[in-house]
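Geometric and topological summary
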Amino acid sequence: MTEQSPRKRVRTRHFQNAKENGIPIVGLTSYDQLSAAIFDAADIDFLLVGDSAGNNVFGNETTLAVTVDQLIPLARAVAGAASRALVVGDMPFGSYEGGPDDALHTAVRFMKEANVHAVKLEGGVRSAAQIRRIVDAGIPVMAHIGFTPQSEHGLGGHIIQGRGEGAEALVADAHAVEDAGAFAVVLEMVPSSVAKRITSELRIPTISVGAGPHVDGQLLVWTDFAGFSQGRVPRFVKQYANLTQVLTEAVNEFRADVASGAYPAPEHEFEG
């Protein structure tokens, strides 16, 4: 997204301008001020403080256990480090399913306590009332449909959504979140042909997480794209670095230097 000054804050209106002008939108997750500052300096358009922190920060098997109280300090750190990127706080499982008022309470907490610029929640038709309530209160909402990790047990695991007869339901979800006032929608793990159809039908931008190239933007979990995550790498992820290898080599060298006495060397000492 390049239609603005590099240090001017990205706003929701820039997402709409990007869609209308065919400018790709680029997003990454972030959970701390160090990574946020790096990504922001590289002109990443939006940073999602994702509930994927449940896996990548807190070591849970799924995203389901992470709480609002755990995510807010992470979101506050990211928001404080980003001078350009739009920072989006991910509303975790259990923080909005109770209904529109429940959802608004969580969204307000993210805005007031974390200083984010928008919130994200999962679900299409089933979450439309919550989205509308939050938007009516003046808080921007990024929607999330397709494979929704918070519902992985109900969906039967990490299964591609929108195939066959499921395509029409996914399209209906997309229209529902647009009609409810979402400024953008994440499409996760859906066939690229369906994502292409949704992108052509919606007025708001579509953001792909494994939804192919025929969309308005791309989002990746930063620990996946940087080769920092452990275990299976999703098919849709391209790894741009191998930070696990880099850090492993650095740690081994540090340990060996300490064991041999090579560190600290004279240049690392203070004179009396």
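Residues numbered from 1 in each chain as written. Predicted model: local features only at pLDDT ≥ 70, side-chain atom pairs only at ≥ 80, totals over all residues. Heavy atoms only, no water.

1. What about the overall build of the protein chain?
Broken down by element type, the protein chain carries 11 helices and 8 strands. For the protein chain, the C-alpha radius of gyration of 20 Å lies close to 19 Å, the compact-globule estimate for 272 residues. Oriented by its inertia axes, the alpha-carbon framework of the protein chain measures out at about 70 × 40 × 35 Å. Looking at the protein chain residue by residue over its 272 residues, the buried ones come to 49%. Sequence separation of at least 24 residues holds for 58% of the intrachain contacts in the protein chain that already meet a minimum separation of 6. On the protein chain, roughly 13,000 Å² of surface is accessible, and the fraction owed to carbon and sulfur atoms is 54%. When the 22 basic and 32 acidic side-chain charges of the protein chain are each reduced to a single mean position, those positions are 7 Å apart. (Helix = DSSP H or I, 4+ residues; strand = E, 2+ residues; numbered from the N terminus. Rg over C-alpha atoms; globule rule 2.2 N^0.38 Å. Buried < 20%, exposed > 50% of the residue type's maximum accessible area, 1.4 Å probe, protein only. Contact = heavy atoms within 4.5 Å. Areas by Shrake-Rupley, 256 points an atom, 1.4 Å probe, with all protein chains shown as cover. Lys, Arg positive; Asp, Glu negative; His and termini not counted. Charge placed at Lys NZ, Arg CZ, Asp CG, Glu CD.)

2. Notes on the UniProt feature "binding site: Mg(2+)" (unreviewed entry) in the protein chain
The positions UniProt marks with the feature "binding site: Mg(2+)" (unreviewed entry) are D51, D90 and E122. Considering the C-alpha atoms alone, the annotated residues occupy 72 residues of sequence yet fold into one spot, their largest mutual distance being 10.9 Å. Within the fold, D90 resides in strand β3 (residues 86–90). What makes D90 buried here is its relative accessible area of 2%. In this structure D90 touches L48, V49, G50, D51, L71, F110 and K120, once residues within four positions along its chain are discounted. As for its placement among the helices and strands, E122 is situated in strand β4 (residues 118–122). (UniProt positions renumbered as here; feature names shortened; annotations may be inferred.)

3. Some thoughts on helix α9 (residues 192–201)
All of the buried residues along α9 are V194, A195, I198 and T199. Projected onto a plane normal to the axis of α9, the buried residues spread over an arc of 135° and lie on a single side. Exposed side chains of α9 directed beyond 90 degrees from the buried face belong to S193 and S200. Each element contacted by the buried residues of α9 is listed here: α1 (12–21), α8 (166–180), β6 (184–188) and β7 (206–209). (Arc of directions from axis to C-beta.)

4. What to know about the pairing of β6
Counting buried positions along β6 gives 5 out of 5 residues, so the element sits mostly inside the fold. Burial along β6 is two-sided: the face carrying A184, V186 and E188 and the face carrying V185 and L187 are both buried. Pairing of strand β5 (residues 141–146) with β6, which is carried by 5 bridges, proceeds in the parallel orientation. Opposite H144, over in β6, you have V186 as the bridge partner. With 4 bridges connecting them, β6 and β7 associate as parallel partners. Bridging from a neighbouring strand, L187 pairs with S208 of β7. (Pairing = 2+ DSSP bridges.)

5. Let's talk about the side chain of S95
Mapped onto the elements, S95 comes out in the loop between β3 and α5 (100–114). In this structure S95 comes out as buried when scored by relative accessible area, which is 5%. Setting aside residues no more than four positions away along its own chain, S95 makes contact with V68, D102, A103 and T106.

6. Some words on the UniProt feature "binding site: 3-methyl-2-oxobutanoate" (unreviewed entry) in the protein chain
With numbering matched to this structure, UniProt assigns "binding site: 3-methyl-2-oxobutanoate" (unreviewed entry) to D51, S52, D90 and K120. Spatially, the listed residues are clustered: although they cover 70 residues, their C-alpha atoms lie within 12.6 Å of one another. When you line up the elements, D51 lands in the loop between β2 (46–49) and α3 (53–56). Beyond its immediate stretch of four places on either side in the chain, D51 contacts T63, V66, L71, D90, E122 and Q150. Along the polypeptide, K120 turns up in strand β4. Setting aside anything within four residues of it in sequence, one finds K120 in contact with L48, V88, G89, D90, M91, M142, A143, H144 and V186.

7. Examining the packing of aromatic side chains
Pairs of aromatic rings are described using the distance from one ring centre to the other and the angle between the two planes. Applying the stated rule across the entire model yields 7 aromatic pairs. Judged by centre distance (5.7 Å) and plane angle (45°), the rings of W222 and F228 are tilted. Overall, the relative accessible area of 34% leaves F228 in the partly exposed class. Taking 5.9 Å as the distance between ring centres and 65° as the angle between the ring planes, the aromatic pair formed by F254 and Y263 counts as edge-to-face. Using a relative accessible area of 49% as the deciding quantity, one classes F254 as partly exposed. Here the aromatic cluster, defined as three or more aromatic residues joined through ring pairs, consists of F39, W222, F225, F228 and Y240. (Phe/Tyr/Trp six-rings, centres within 6.5 Å; stacked < 30°, edge-to-face > 60°.)

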